[in-house]
Amino acid sequence: MKILLFGSGAREHALYDAILKSPLVKKEDIYFAQTGVFANGNIIDFEDYYNLAKKAHELGIELLIVGPEAPLVDGICDIFLSFGIKTIGANKYWAQLESSKSFAKEFMSKFDIKTAEYFVLDDYLQVDNILSKFEKPPVIKADGLAQGKGVYLPKTFDEARQIAKEFLEGKFGKSSKKIILEKRLYGRELSVFSFWDGKTLLSFPPACDFKKLLDDDMGDNTGGMGSAFPCVLSDFEEKEVDGYLLKLEKALKDSKANFCGVIYSGLMMCNDGLYVLEYNMRFGDPEIQSVLNNFSGDILDVFFKMVGGKLDEVEFKFSDEPSYCVVLASEGYPVSPKKGCEIFNLDIAEKLSVSVLFAGVKKIREKYYTDGGRVLSLVKSGKNALRDIYKAAQEIKFDGKIYRKDIKLR
Ligand code: AMP
Ligand code: GLY
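Counting starts from 1 at the beginning of each chain's written sequence and moves along it residue by residue. Chain letters and ligand numbers both follow the written order, the letters beginning at A and the numbers at 1. Only residues with pLDDT of at least 70 are given local features in this predicted model, and only at 80 or more are side-chain atom pairs given and counted; all residues enter the totals for whole chains, interfaces and linings. By convention in this description, side-chain values take in all heavy atoms of the structure and omit both hydrogens and water.

Considerations on the overall build of the protein chain
In this description a helix means any DSSP run of H or I spanning at least four residues, a strand means any run of E spanning at least two, and both kinds are numbered starting from the N terminus. Counting its regular elements, the protein chain contains 13 helices and 22 strands. For this measure, only C-alpha atoms enter the radius of gyration; the expected value for a globule follows 2.2 Å times N^0.38, where N is the number of residues. Relative to its length of 410 residues, the protein chain is compact, with a C-alpha radius of gyration of 21 Å against a globular reference of 22 Å. With the C-alpha coordinates aligned to their principal axes, the bounding extent of the protein chain is approximately 60 × 45 × 45 Å. Taking all 410 residues of the protein chain together, the buried fraction comes to 55%. We call two residues in contact when some of their heavy atoms are within 4.5 Å. Pairs at least 24 apart in sequence give 68% of the contacts found in the protein chain among residues at least 6 apart. Each residue gets one of three labels from its accessible area relative to the maximum for its type: buried under 20%, exposed over 50%, partly exposed in between, using a 1.4 Å probe on protein chains only.

Structure representation (structure tokens):
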């Protein structure tokens, strides 16, 4: 059995480490595309997804696992399926749940899934009319993908008007020619990863993502500076999550959603219940790093069951101890991170049994250098996990290193 893992971040490194634990595949039968420094060998270079699928087919690869959203949106799974290769990832149609916020909102409205009240806008002349419908400045979102930067929470109506203008004038190219204005909600956020095989929806318990750059949830929004798993939930919150997941399963069934992949529900727990903020059609990074570290099943077996339409036979199990991920990022992230700085003392992590997952890292002649905003994910489960992660975070050195000091269960 040969498989292909697509993607270059710490999320894909975590997936790779989890797959390596499976007896269903040999290390030499794992192939990589558009990958990171964690891949040793078996890297397939390609010109486009058709070319990649052709090469994968010639190599006898039977399963594609897609990490990031962009290839899903561009239809990588549709192309691989046309070559008879099974895929873990949404097809182009269902990837719209992530790539078009208006598509996602329509899906939620149709199936009575609770989400913030919203308006879609593609003409600046309508902005005052729509703003007048809100009591407080609304959240402004680019309809399309914007690398996690397409959501603004303006403090005033004037600011909202200005942002709407910049978006509609093409701040994010085509992605912001259409925008969503939605009611601002207040509450804590949860990330829930669900698996869907066309018939059954099976979900991991919620994980917490620390999205803001600085401690105490201050500073810019980022892709995520850390995560903890599982979230601490009250009985009410647990019921809300369960109720929502039943609705989501019914919505997918009723829509005959014909894909095999992951749905990530970005949720907000508000006083009056649980709201969906967004859908992603992939695992969240860095949440999946802490979730997988705690997962005691065989993730590859789950994927094979999914493509065989047997997700209903799977039961997820986790170790009792909580798990954490702390991201070491580069100064300047998320706007313009410093790159090219040598990374020292990586070996300290092994001594502390902390896993180091590579993201924005380059390897040149056995030395590691920073090469992106989020550089490393440090992951560990158990009682002393946070102490050890933070010891490693302190000892691992590179110029401009930043990280949050307040990652914990919440
Ligand atoms: P999204 O990409 O839609 O998940 O938005 C990114 C982040 O913006 C979320 O994780 C929230 O922190 C924040 N956000 C999005 N929508 C809302 C909302 N309606 N009210 C408050 N915060 C929001
Ligand atoms: N951690 C949020 C994301 O992956 O988009």
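Comments concerning the sheet that holds strand β6 (residues 139-142)
Two strands make a pair as long as DSSP finds a minimum of two bridges between them. Strand order in the open sheet formed by 4 strands is β5-β8-β6-β7, and the pairing between neighbours is antiparallel. Edge positions in the open sheet fall to β5 (118-121) and β7 (151-152), since each of these has one partner strand only. Where β6 meets strand β8 (residues 179-182), 4 bridges bridge the pair, whose relative direction is antiparallel. Bridge pairing in β8 places valine 139 opposite glutamate 182.

Topic: the pairing of β6
Side chains Val139 and Lys141 of β6 all project onto a buried face; the interleaved residues Ile140 and Ala142 project onto the opposite face, where all are buried too. Alignment of β6 against β7, held across 2 bridges, turns out to be antiparallel. Counted as the bridge partner of lysine 141 is valine 151 from β7.

Notes on the site of ligand 2
Neighbouring ligand 2 are the residues Asp209, Gly223, Tyr264, Arg282, Gly284, Asp285, Pro286 and Glu287. A distance of 2.8 Å is found between a nitrogen atom of ligand 2 and a side-chain nitrogen or oxygen belonging to aspartate 209. The contact in question runs from a nitrogen atom of ligand 2 to an N or O atom on the backbone of glycine 223, over 2.8 Å. The accessible surface values rely on the Shrake-Rupley method and a 1.4 Å probe; as for residues, cover is taken only from the protein chains in view. Relative to its unbound accessible area of 200 Å², ligand 2 is 88% covered by the protein chains. Partitioning the shell around ligand 2 into residue classes produces 2 nonpolar, 2 polar and 4 charged. Near, as used in this document, describes a residue that has one of its heavy atoms within 4 Å of the molecule or strand being considered. We call two N or O atoms a polar contact when they sit within 3.5 Å, provided that within protein one can donate a hydrogen and the other can accept it, with sequence-adjacent residues counted only if both atoms are side-chain atoms. Polar here means any residue outside two lists: the nonpolar Ala, Val, Leu, Ile, Met, Phe, Trp, Tyr, Cys and Pro, and the charged Asp, Glu, Lys and Arg; Gly therefore counts as polar.

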